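A closer look at the structure
Chain residues, written in single-letter form:
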Amino acid sequence: MIGKQIEKRTGLIFSLLAVVLLLGAYTYLSHVQHQKNAQDRTIPTWSQLWQGVVFLCVQPNAAQDDSADLLAAAMAGTDMASAPASRKASFLKGRILWEASRATLGRLFAGLSMGLVGGVLVGILMGCFLKIDAAVSPVMYFASRIIPTAAMPIFFKLSGIDFEMYVAMITFGSMPIVTLTVSQYVREFPDELRFKAYTLGASHTEVITTAIFPYVFPKVLDLAVLMIGPALVYLIAAEQIVAGEGFGYRIRVLTKATRFEAVYPLIVVLTVYAGIITYGLKLLQRKACPWYKAERR
Amino acid sequence: MSSILKVNALSHWFGSNRVLFNVNMDIKRGQIVALVGPSGCGKSTLLRAIVGTHPPCSGNVTMLDKEQPRIIDTPGRDRGIVYQRYSLFPHLTAQENVAYGLMVDQTTIASRHLFKRREWSALRKQHMAEAADMLERMKLGTALKKYPPELSGGMCQRVAIAQALVMKPAIMLLDEPFGALDEATREELQRILLGLYAQNMDATREGREPPYTIMIVTHEINEAIFVSDRVLGLSQYWNWKEAGEPCAPGATIVYDQPAPIFSPDDERDFFSFRGQKNDILHAVFDPSFCQSAKEYIQLANQAQGGATH
């Protein structure tokens, strides 16, 4: 029957089966590819992947032997010796995964936090006060249609190619959508509850802070989960173009060097990070808004 | 008995759609007034005007609970409201919902979070105890920590009534509060209202002011007669031509009569007031019956005493 519930164990078995099938299909593809070309690194074997993982996170001073960076330097018409000092210093720290994670996650957290906080504040004001909505919504609608990756040159020009640029790009990429969505959530707040809050003696500020905000907060967390994907897209794209560190940069240079045994683990780690952030937000939603699950049912 | 709320020549329209015409009513302290009328006659519009969320196009609503009469144009804590739907804040437990009004009425954001945090902590405990006590009286002692989505419809409405009552409003307005409930729950809640009326009677006997004034909007005539001491009928079916109106001007009060008074323990025998029910059906709900708007109106002073069952 459509929509029939299944046991938790059955669900788990099906999930594991899908993962096993995926891994099996990859193993088969890799095997076939290596039959054709034993040196192939585009679909690396499991042992090659392990070497890639070691290269990324275990091997000390890995960047000294990083042919991908050498390649990048060569393509830029320089060599490692003449690479900018700050960049070389970060290479010498070695563990690529740590450096890339620190750079990418720092930018993601800063940009997404600012986009969410700004979007929620403006969105609540727009949802509560129609004059603000009338003034701000055309701008936000226009801004929400701008593709941040296409507008990247503007961000480069306005905020350089440092940390601020990434934060600005993620903030401006996510804030209009967050603003419009949150204002919609606020408009969905039942009139009856708003009127009731007033009849109980609440002021305008109290209606917003004690009735409307708690009502939209779990939905904002859902929205934050949805915004992780686009924010990472903007960030990785920008890192691939201008960054000297970060997942986007590492993926670009390793791809150019055809070192896919390290690219794949990077992509998996990035996905795991997104998964951990999603889990953290869902956990926060469960702990901070215990009523929300029952409400949605 | 003194008036607590007056509706004076209230009319309301939405563009060319005339909804209410020259509505007048005078609600006395301690009354439980039921407002009945056909669907779409403007009962909820009238209630919104009284709550203050939708001020009328002409006429006014005046609160007389304090020395200075006040014309109503915004919602205020002197009028408690219980709606049929969305009656509780979903993010608060039953107890927190009841304590919510006490919190926002007696404190400010600054006092709670900045300047008087210690006092607020003590006051919060007091509010929660008051809320728990009120919920105990509503037989919800086991549901204090439950969130509204975890409660049944009847329990939610009991919490909503407790939430309004704990504020001791001058008048409590109920907008079809039992409409979505099953018959057994509906009767249980009707008896809660009768219990409040019994407390009014006790207060009057002891020379005190009756504590509860209630106006209930319902489309259920039996319910209206059973729980109230006065029934008002709002209807668009009246002889407006006789009143000199060129076209249908909207609904007005066409029925205002006392209702029999029941105690919470009385048997709910709808047969005993079938005569009044037929009168209401005839005067308020029958489109073919076009009487003068004053035919079934008994003067408020006579009505407020009620008829003993």
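Given the structure is predicted, the values throughout are model-derived calculations rather than measurements. (Residues numbered from 1 in each chain as written. Chains lettered and ligands numbered in written order. Predicted model: local features only at pLDDT ≥ 70, side-chain atom pairs only at ≥ 80, totals over all residues.)

With respect to the overall build of chain A
- When helices and strands are counted, chain A shows 13 helices and 0 strands.
- What you see in chain A, going N to C, is helices and strands ordered as α-α-α-α-α-α-α-α-α-α-α-α-α.
- Counting every position in chain A, which comprises 297 residues, the buried fraction comes to 35%.
- Across chain A, contacts joining residues at least 24 apart in sequence account for 74% of those joining residues at least 6 apart. (Helix = DSSP H or I, 4+ residues; strand = E, 2+ residues; numbered from the N terminus. Buried ≥ 20, exposed ≤ 12 C-beta atoms within 10 Å, placed from the backbone. Contact = placed C-beta atoms within 7 Å.)

Some points on the overall build of chain B
- When you go through chain B residue by residue, the secondary structure sums to 9 helices and 13 strands.
- Taking 19 Å as the expected radius of gyration for a compact globule of 309 residues, we find that chain B reaches 20 Å, a close match to that expectation.
- Expressed as lengths along the three principal axes of its C-alpha atoms, the size of chain B is roughly 65 × 45 × 40 Å.
- Within chain B, buried positions represent 45% of all 309 residues.
- For chain B, the proportion of contacts with a sequence separation of at least 24, taken over those separated by at least 6, is 75%. (Rg over C-alpha atoms; globule rule 2.2 N^0.38 Å.)

Notes on the domain arrangement of chain B
Residues and elements named next belong to chain B.
- Looking at chain B, the domain boundaries give domain 1 (3-78 + 170-308) and domain 2 (88-168).
- Once you take the C-alpha centre of each, domain 1 and domain 2 turn out to be 29 Å apart.
- Tallying the contact residues gives 10 residues for domain 1 and 9 residues for domain 2.
- Considering each element in turn, the side of domain 1 that touches domain 2 owes the most residues, 4 residues, to helix α6 (residues 183-205).
- Partitioned by chemical class, the residues of the side of domain 1 that touches domain 2 number 7 nonpolar, 1 polar and 2 charged. (Domains from an automatic or database assignment. Nonpolar A, V, L, I, M, F, W, Y, C, P; charged D, E, K, R; others polar.)

Structural notes on unusual backbone geometry
All names here are of chain B.
- The phi dihedral of Asn22 is positive, around 45°, even though this residue is not glycine.
- On the secondary structure map, Asn22 appears in strand β2 (residues 17-28).
- The class for Asn22 is partly exposed, based on 18 C-beta atoms found within 10 Å.
- The phi dihedral of Lys139 falls on the positive side, at around 60°, and the residue is not glycine.

Quick word on the interface of chain B and chain A
- Of the residues lining the interface, 23 residues belong to chain B; the matching set on chain A comes to 22 residues.
- Contributing elements (two or more residues each) for the side of chain B that touches chain A: β6 (79-82) and α2 (94-106) of chain B.
- Top contributing element to the side of chain B that touches chain A by residue count: α2 of chain B, with 4 residues.
- Of the residues in the side of chain B that touches chain A, the class split is 13 nonpolar, 5 polar and 5 charged.

So, the confidence of the model for chain B
All names here are of chain B.
- Per-residue pLDDT for chain B averages 85, and the proportion of residues at 70 or more is 94%.
- The lowest-confidence element of chain B is strand β13 (residues 307-308), averaging 39 in pLDDT; the highest-confidence one is strand β8 (residues 214-217), averaging 94.
- Overall, residues 299-309 carries pLDDT values under 50, and its contacts beyond four positions in sequence, including any with other chains, amount to 24 contacts.
- Interface scoring of the predicted complex returns ipTM 0.86; its pTM is 0.82. (pLDDT = per-residue confidence, 0-100.)

A look at the confidence of the model for chain A
Residue and element names in this part refer to chain A.
- The predicted model of chain A averages 85 in pLDDT, with 87% of residues at 70 or higher.
- Confidence scores differ between elements of chain A, with helix α4 (residues 85-92) showing the lowest mean pLDDT of 45 and helix α1 (residues 8-36) the highest of 94.
- With pLDDT under 50 throughout, residues 61-65 is counted as low confidence; its partners more than four residues away or in other chains account for 11 contacts.
- This model gives residues 73-92 a pLDDT under 50, and the stretch forms 17 contacts once residues within four places in sequence are excluded.

Thoughts on the sheet that holds strand β5 (residues 70-71) of chain B
Residues and elements named next belong to chain B.
- Overall, antiparallel pairing links the 4 strands, which are arranged β2-β1-β4-β5 in an open sheet. Both outer strands of the open sheet, β2 and β5, are each paired with one neighbouring strand and no more.
- Pairing between strand β1 (residues 3-14) and β2: 8 bridges, direction antiparallel. The residue of β2 that forms the bridge with Leu10 is Val23. (Pairing = 2+ DSSP bridges.)

A closer look at helix α9 (residues 191-199) of chain A
- Within α9 of chain A the residues assigned to the buried category are Phe195, Lys196, Ala197, Tyr198 and Thr199 of chain A.
- Just downstream of α9 of chain A lies Gly201 of chain A, where phi reads positive at about 105°.

With respect to the pairing of β6 of chain B
Residues and elements named next belong to chain B.
- Alternating positions in β6 separate into two faces, Arg79 and Ile81 on one and Gly80 and Val82 on the other, with burial throughout.
- Relative to strand β7 (residues 171-175), β6 runs parallel, the two being bridged by 4 bridges. Looking at β7, one finds that Arg79 is bridged to Ile171.

Points about α6 of chain B
Residue and element names in this part refer to chain B.
- The terminal C-alpha atoms of α6, which comprises 23 residues, lie 33 Å apart, in line with the 33 Å expected from a rise of 1.5 Å per residue.
- For α6, the complete set of buried residues consists of Leu189, Gln190, Leu193, Leu194, Leu196, Tyr197 and Asn200.
- Of the surrounding secondary structure, the elements contacted by the buried residues of α6 are β3 (32-36), α5 (153-165), β8 and α7 (221-227).
- Backbone geometry just after α6 places Gly207 at a positive phi near 80°. (Expected span 1.5 Å × (residues − 1).)

Here's the deal with the environment of Gly201 of chain A
- Looking at where Gly201 of chain A falls in the secondary structure, it is placed in the loop between α9 and α10 (204-242).
- Its 21 C-beta neighbours within 10 Å are what place Gly201 of chain A among the buried residues.
- C-alpha separation for the pair Gly201 of chain A and Pro138 of chain A, spaced 63 residues apart in sequence, amounts to 34 Å.
- Ignoring sequence-local partners within four residues, the contact set of Gly201 of chain A consists of Arg77, Gly101, Val104 and Asp105 of chain B.

Let's talk about the pairing of strand β4 (residues 58-63) of chain B
Residues and elements named next belong to chain B.
- In the sheet, β1 pairs with β4 via 5 bridges, with the strands oriented antiparallel. Considered in β4, the bridge of Lys6 is made with Thr62.
- As defined by bridge partners, β4 adjoins β5 across 2 bridges and the pair is classed as antiparallel. Among the inter-strand pairings, Thr62 is bridged to a residue of β5, identified as Ile71.
- Here β4 folds back onto β5, and the loop between the two strands holds 6 residues.

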